[in-house]
Amino acid sequence: MNRGRAPSYGGHRTASFKVLFNPAAEDRDLYDTLAEQQAMAMPSEKPISSSQLRRFFGEVKDLYRQYNALVAGKPDPAQRAEIYRRQIEPRFKLVRSKVAYATRASGQTRISREFANFLSEGIAKVQDHEQFVRFVTHFEAVVGFMYGNDRVSKR
């Protein structure tokens, strides 16, 4: 059993590719420097399609919106943690299996190993509701830098 460690889908890490999401990093680094470095590490010769990027980002962002709606008016961190654990975390962790499916050798929905590793390993690093919020914001910043640095194709 994997228990949230490195990808279990047989993903091979690209030799120079490293997942830079670090839940302990300072906000300014996580949402700026590390996000830009992560985006620049995505392949420019075969960028991810905008539809595939929207597919994964949209799903994660929807979970984030649902979480925010569920915790609205609940300032107690223990309550927020429980809501995340019961209602959001299982579906958030399920995204890893969707990433694995999208990286299969056959099929039309193939995504790069780098993007797959970024999502799978990043999601695996998230251990609580606070880290979930930080990952979503980091992912949002990475997406912005990917678009801004031509790491997304329009197909």
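These figures come from a predicted structure and were not determined experimentally.

1. Digging into helix α3 (residues 77–102)
At step 1: Given a rise of 1.5 Å per residue, 26 residues ought to cover 38 Å, and the 35 Å separating the end C-alpha atoms of α3 matches this to within 8%.
At step 2: Along α3, the largest kink reaches about 55 degrees and is centred on I88; proline P90 follows within four residues of it.
At step 3: Inspection of α3 places I83, Y84, I88, F92, V95, R96, V99 and A102 among the buried residues, and these make up the whole buried set.
At step 4: Buried-residue contacts for α3 involve α2 (50–71), α4 (113–125) and α5 (129–148).

2. A word on unusual backbone geometry
What is expected of a backbone is that most residues other than glycine have negative phi and most peptide bonds are trans.
At step 1: For D150, which is not a glycine, the phi torsion comes out positive at approximately 55 degrees.
At step 2: Within the secondary structure layout, D150 lies in the loop between α5 and β2 (152–153).

3. What to know about the nonpolar core
At step 1: Counting residues in each nonpolar core, the largest one holds 42 residues, and the members touching the most others are F92, F115, F118, F132, F135, F139 and M146.
At step 2: Looking at this core, the elements with two or more residues in it are α1 (27–40), α2, α3, α4 and α5.
At step 3: With residues near it in sequence (within four places) discarded, F118 still touches F17, V19, Q38, M42, F135, H138, F139 and V142.

4. Side note on the packing of α3 against α4
At step 1: Contact pair α3 / α4: the axes reach a minimum separation of 9 Å and the direction vectors enclose 155 degrees. Judged by the angle between their axes, α3 and α4 are roughly antiparallel. Between α3 and α4 lies a crossing whose hand is left-handed. Note on element contacts: α4 touches α3 through A116, L119, S120, I123 and A124, opposite F92, K93, V95, R96 and V99.

5. Description of the packing of aromatic side chains
At step 1: Summed over the entire model, instances satisfying the criterion amount to 14 aromatic pairs.
At step 2: Here F115 and F118 contribute two aromatic rings whose centre-to-centre distance is 6.3 Å and whose plane-to-plane angle is 45 degrees, an arrangement assigned as tilted. Pair noted here: F115 and F118 are both in helix α4, with a separation of three residues, about one helical turn.
At step 3: The buried category is assigned to F115, whose relative accessible area is 1%.
At step 4: Residues F118 and F139 carry aromatic rings whose centres are separated by 5.6 Å and whose planes lie at 65 degrees to one another, so their mutual orientation is edge-to-face. With F118 in helix α4 and F139 in helix α5, this pair connects stretches of sequence that are 21 residues apart. For the residue pair F118 and F139, the accessibility class agrees, reading buried in each case.
At step 5: Ring pairs connect the aromatic residues F21, F56, F57, Y64, Y67, Y84, F92, F115, F118, F132, F135 and F139, which therefore count as one cluster.

6. Some details on α2
At step 1: Spanning 22 residues, α2 covers 31 Å between terminal C-alpha atoms, matching the ideal 32 Å at 1.5 Å per step.
At step 2: Of the residues trailing α2, G73 is marked for its positive phi of about 80 degrees.

7. Thoughts on the environment of V126
At step 1: As for its position among the elements, V126 is in the loop between α4 and α5.
At step 2: Distance in space between the C-alpha atoms of V126 and K93 is 9.0 Å, their sequence separation being 33 residues.
At step 3: Ignoring sequence-local partners within four residues, the contact set of V126 consists of F21, Y84, F92, K93, Q131, F132 and F135.

8. Points about the confidence of the model for the protein chain
As a note on interpretation, predicted positions should not be read in detail where pLDDT is low.
At step 1: Residue-level pLDDT values for the protein chain average 90, and 87% of them are 70 or greater.
At step 2: In the model of the protein chain, strand β1 (residues 48–49) stands out as the element of lowest mean pLDDT, 92, in contrast to α5, which has the highest, 98.

Cut-off values and rules
Residues numbered from 1 in each chain as written. Predicted model: local features only at pLDDT ≥ 70, side-chain atom pairs only at ≥ 80, totals over all residues. Heavy atoms only, no water. Helix = DSSP H or I, 4+ residues; strand = E, 2+ residues; numbered from the N terminus. Expected span 1.5 Å × (residues − 1). Bend = angle between axes of the 7 residues up to and from the residue. Buried < 20%, exposed > 50% of the residue type's maximum accessible area, 1.4 Å probe, protein only. Contact = heavy atoms within 4.5 Å. Core = buried A, V, L, I, M, F, W, Y, C linked by side-chain atoms within 4.5 Å. Axes fitted to C-alpha atoms, helices over the stretch in contact; angles between N-to-C directions. Parallel < 35°, antiparallel > 145°, perpendicular 65-115°, else oblique. Left-handed = near helix turned anticlockwise from the far one by under 90°. Phe/Tyr/Trp six-rings, centres within 6.5 Å; stacked < 30°, edge-to-face > 60°. pLDDT = per-residue confidence, 0-100.

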